Amino acid sequence: MKTRKFLSVAVMALVFGATSFAQKTVMVGGAAMYPSKNIIENAVNSKDHTTLVAAVKAAGLVETLEGKGPFTVFAPTNAAFAKLPMGTVESLLKSENIKMLQTILTYHVVAGKMNAADIAKAIKAGNGKATLKTVSGGTLTAWMKGKKLYITDENGTMSQITISDVNQSNGVIHVVDTVVLPKQ
């Protein structure tokens, strides 16, 4: 009986261990992004995403992004936020603007896990474009130029996916170079 129990534990360890090793650890913002950690646990370590993490905290979305998911997150870098007009980020972080901040942040999130190959497949099926429904209720259009993936918001702003397939325990992150915004 003890041998059988030990064997079943050993098999489970091998199965779950193999699953986590199958997904590679990716470096983002000078930090390792571990597939065994959730979106928030990884994002807080990226030097390139301090603005995004501050915004997620201010918007009260930490618990959501630590949740089961799965989520596909298009994560703007600090440089992406710096492209916004001066004072925009500071204004959005004020408590009276929490709803707008939540809408903008959830506009960067798609329910389900879509890795780069899934997005490319959807683009091919859509004859060059794929419409992605965001958690905020808006849409992003995914497209490719050569082998590079892009998303375009409802206002026509383009954002390139600079690092794709950063796997998380509750989804995947794609790092983007521009903040996308819903139609105002």
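The structure under discussion appears in the preceding block.
Let us look at the structure shown here.

**Some words on the nonpolar core**
Val56, Leu65, Val73, Leu105 and Ile173 are the most contacted members of the largest nonpolar core, which has 28 residues in total. Ignoring any residue separated from it by four or fewer positions in sequence, one finds Val73 in contact with Ile39, Leu65, His108, Val109, Val172, Ile173 and His174. Counting 16 residues, the second-largest nonpolar core is a separate cluster that includes Tyr107, Val110, Ile123 and Leu149.

**Side note on the layout of surface pockets**
Of the pockets and cavities examined, the largest pocket occupies roughly 310 Å³. When contributions to the lining of the largest pocket are tallied by element, the ones reaching two or more residues are α2 (39–43), α3 (50–58), α4 (62–65), β3 (71–76), α7 (98–106) and β9 (171–176). Here the lining of the largest pocket is composed, by residue class, of 21 nonpolar, five polar and one charged.

**With respect to empty space enclosed by the protein**
Inspection of every chain in the model, using the stated rule, returns one cavity of 30 Å³ or more. Taken as a whole, the largest cavity encloses approximately 50 Å³ of empty space. In terms of lining, the largest cavity is formed by Ala55, Phe81, Val89, Leu92, Leu93, Leu101, Ile104 and Leu105. Of all elements in the fold, only α6 (88–92) and α7 reach the threshold of two or more residues within the lining of the largest cavity. Tallying contributions element by element places α7 first for the lining of the largest cavity, with three residues.

**Some details on helix α8 (residues 116–125)**
Where α8 is concerned, the buried positions are Ala116, Ile119 and Ile123. The buried side chains of α8 occupy one side of the element, clustering within an arc of 65° when seen end-on. Every exposed residue of α8 that faces more than 90 degrees away from the buried side is listed here: Ala117, Lys121, Lys124 and Ala125. Where α8 is buried, its residues contact β3, β5 (130–133), β6 (139–145), β7 (148–152), β8 (158–168) and β9.

**Details of the pairing of β9**
Burial analysis of β9 places six of its six residues in the buried class, which makes it a mostly covered element. Here β9 shows a buried face lined by Gly171, Ile173 and Val175 and a second buried face lined by Val172, His174 and Val176. As paired strands, β3 and β9 are joined by six bridges and run parallel to one another. The residue bridging Phe74 from the neighbouring strand is His174, located in β9. Where β8 and β9 come together, five bridges link them in antiparallel fashion. Within β9, the residue paired with Gln168 across the bridge is Gly171.

**Looking at the packing of α3 against α7**
At their nearest, the axes of α3 and α7 sit 9 Å apart, and the two run at 125° to each other. Taken together, the axes of α3 and α7 lie oblique to each other. Of the two elements, α3 crosses α7, and the hand of that crossing is left-handed. Contacts from Leu52, Ala55, Val56 and Ala58 of α3 reach α7 at Ile98, Leu101 and Leu105. The residue inventory of the contact of α3 with α7, partitioned by class, reads seven nonpolar, no polar and no charged.

The rules we used
- Residues numbered from 1 in each chain as written.
- Predicted model: local features only at pLDDT ≥ 70, side-chain atom pairs only at ≥ 80, totals over all residues.
- Heavy atoms only, no water.
- Core = buried A, V, L, I, M, F, W, Y, C linked by side-chain atoms within 4.5 Å.
- Buried < 20%, exposed > 50% of the residue type's maximum accessible area, 1.4 Å probe, protein only.
- Contact = heavy atoms within 4.5 Å.
- 1 Å grid on protein atoms, 1.4 Å probe; cavity = no way out; pocket = protein on both sides within 12 Å on 5 of 7 lines; lining within 4 Å.
- Points joined across faces, edges and corners; volume = space filled by probe spheres on them.
- Helix = DSSP H or I, 4+ residues; strand = E, 2+ residues; numbered from the N terminus.
- Nonpolar A, V, L, I, M, F, W, Y, C, P; charged D, E, K, R; others polar.
- Arc of directions from axis to C-beta.
- Pairing = 2+ DSSP bridges.
- Axes fitted to C-alpha atoms, helices over the stretch in contact; angles between N-to-C directions.
- Parallel < 35°, antiparallel > 145°, perpendicular 65-115°, else oblique.
- Left-handed = near helix turned anticlockwise from the far one by under 90°.

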